[in-house]
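# Coordinate analysis (summary)
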Amino acid sequence: MTIRIMGTGSYLPENIVTNDDLAKIMDTSDEWIASRTGIRKRHLVKEETTAQMSAKAAKQALKEAGLKAEELDLIIVGTLSGDYVTPSTACEVQAMIGADKAVAFDVNAACSGFMFAMNTAYAFIQSGIYQNALVIGAEILSRLMDWNDRSTCVLFGDGAGAAVVTADEKGLLGFVQGSDGTKGMVLACKNRLNNNPLIKNSVEPDHVFMDGQEVYKFAVSTVPASIQAVLEEAGLEVSDIKYFLLHQANIRIIQSVAKRLKADINRFPTTLEHCGNISAASVPILLDEVNKKGMLQRGDKLVMAGFGAGLTWSAAVIEW
Ligand code: UT7
């Protein structure tokens, strides 16, 4: 028994911020951002919450899957930017969509969050514990940025993507994932400061710090290696795969992976031009866009891959 994706959904905030908009408030330019990353604009929340965006994406995915919220056994949200430390975003979503029978919790694996959440759902379904799961990646990264640090704040965006997965004979054909906590500080965001008056308070800032070049080097070596490993596990070749749906961090990383795999870049659809990097939400939003554009037929084989803070990485092969 494995899992099959039965429906997808996504939500992007209404407020769009272009590179030129950013150039008005900091020392940057459309030319620098677009040429270094491929990003031209991003959606940044004004009103929406992580849970509201997740619920909107979830409703679309349930509709396509033909499943009622009450039929869900499990909701897992991959996020590092939930609205509350507790309750989890997944519990908020459960209440918002009325999935009263579902067990709900979050997974924090940064940009691999949706993939780790999907593998967790797979483990529950494969073992026969649950049948129907809602897997979401959702982030409001704009509230974790240092808006004085042009090297990070121009890269990220906000949004949510969702997939409904159910027990099936076919679907997920292979999965690899990994973590390396020893390199955690190359991409980090400290939690809120300790306000206990009895101790000396830390003054470390609580916003995202990234050593971009270290993350870049990690990505261009680990992503192709994990894709090769998952293809081997599934007994497939690069040529068997219709599309490679990669975490959307930087077009140069995607081009490098395509080159290493000797695969045509046209088989790597992107959203980063209009979304930027939305961490855990990148892969499910991309999957939903590809699905909604009618680019997928039943039987197509796809690779999905996430990588990011932790460090964490993951790759899956699915049959659509
Ligand atoms: O989702 C998590 C995964 N994250 C990633 O995969 C990110 C991986 N890393 C990257 O994508 C790239 O390293 C970046 C896009 C973050 C940076 O690109 P880079 O080619 O490594 O640039 P750099 O950091 O070496 O900076 C080059 C120059 C510097 O100026 P100097 O020191 O050469 O004078 C920066 O100060 O570009 C400057 N710079 C900027 N200039 C204009 C940095 N940010 C900006 C900016 N606008 N926004």
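Residues numbered from 1 in each chain as written. Predicted model: local features only at pLDDT ≥ 70, side-chain atom pairs only at ≥ 80, totals over all residues. Heavy atoms only, no water.

Further remarks concern the pairing of strand β6 (residues 132-140). Every regular strand shows the same layout, with side chains that alternate between the two sheet faces. Burial of β6 is extensive: nine of the nine residues sit out of reach of the surface. The side-chain alternation of β6 yields two buried faces, one formed by Asn132, Leu134, Ile136, Ala138 and Ile140 and the other by Ala133, Val135, Gly137 and Glu139. Direction of pairing for β6 relative to strand β7 (residues 158-168): antiparallel, over a ladder of nine bridges. Across the sheet, the residue bridging to Ala133 is Val165, located in β7. (Buried < 20%, exposed > 50% of the residue type's maximum accessible area, 1.4 Å probe, protein only. Helix = DSSP H or I, 4+ residues; strand = E, 2+ residues; numbered from the N terminus. Pairing = 2+ DSSP bridges.)

For the rest of this paragraph, the subject is the packing of helix α7 (residues 212-234) against helix α8 (residues 251-261). Where α7 meets α8, the axes come as close as 9 Å, and the angle between the chain directions of the two elements is 40°. The angle between α7 and α8 places the two elements in the oblique class. Along this stretch, α7 crosses α8, giving a crossing that reads as right-handed. Note on element contacts: α8 touches α7 through Arg252, Ile253, Ser256, Val257, Arg260 and Leu261, opposite Tyr216, Ala219, Val220, Ser221, Val223, Pro224, Ile227 and Gln228. The residue makeup of the contact of α7 with α8, split by class, is nine nonpolar, three polar and two charged. (Axes fitted to C-alpha atoms, helices over the stretch in contact; angles between N-to-C directions. Parallel < 35°, antiparallel > 145°, perpendicular 65-115°, else oblique. Left-handed = near helix turned anticlockwise from the far one by under 90°. Contact = heavy atoms within 4.5 Å. Nonpolar A, V, L, I, M, F, W, Y, C, P; charged D, E, K, R; others polar.)

Time to look at unusual backbone geometry. Cis rather than trans, the peptide bond between Thr86 and Pro87 has omega equal to 10°. The topology assignment puts Pro87 in the loop between β4 (74-78) and α4 (89-97). The step from Gly310 to Leu311 runs through a cis peptide bond, and the omega angle for that step is -5°. Tracing the chain through its elements places Leu311 in the loop between β12 (301-308) and β13 (312-319).

Angle between the axes and distance between the axes are the two parameters that describe a pair of packed helices. It is at 9 Å that the axes of helix α3 (residues 50-65) and α4 come closest, and there the two elements cross at 55°. Of the possible angle classes, the one that applies to α3 and α4 is oblique. Where α3 crosses over α4, the handedness of that crossing is right-handed. Of the residues in α4, those touching α3 at Thr50, Ala51, Gln52, Ser54, Ala55, Lys59 and Leu62 are Thr89, Glu92, Val93, Met96 and Ile97. Grouping the constituent residues of the contact of α3 with α4 by class yields six nonpolar, four polar and two charged.

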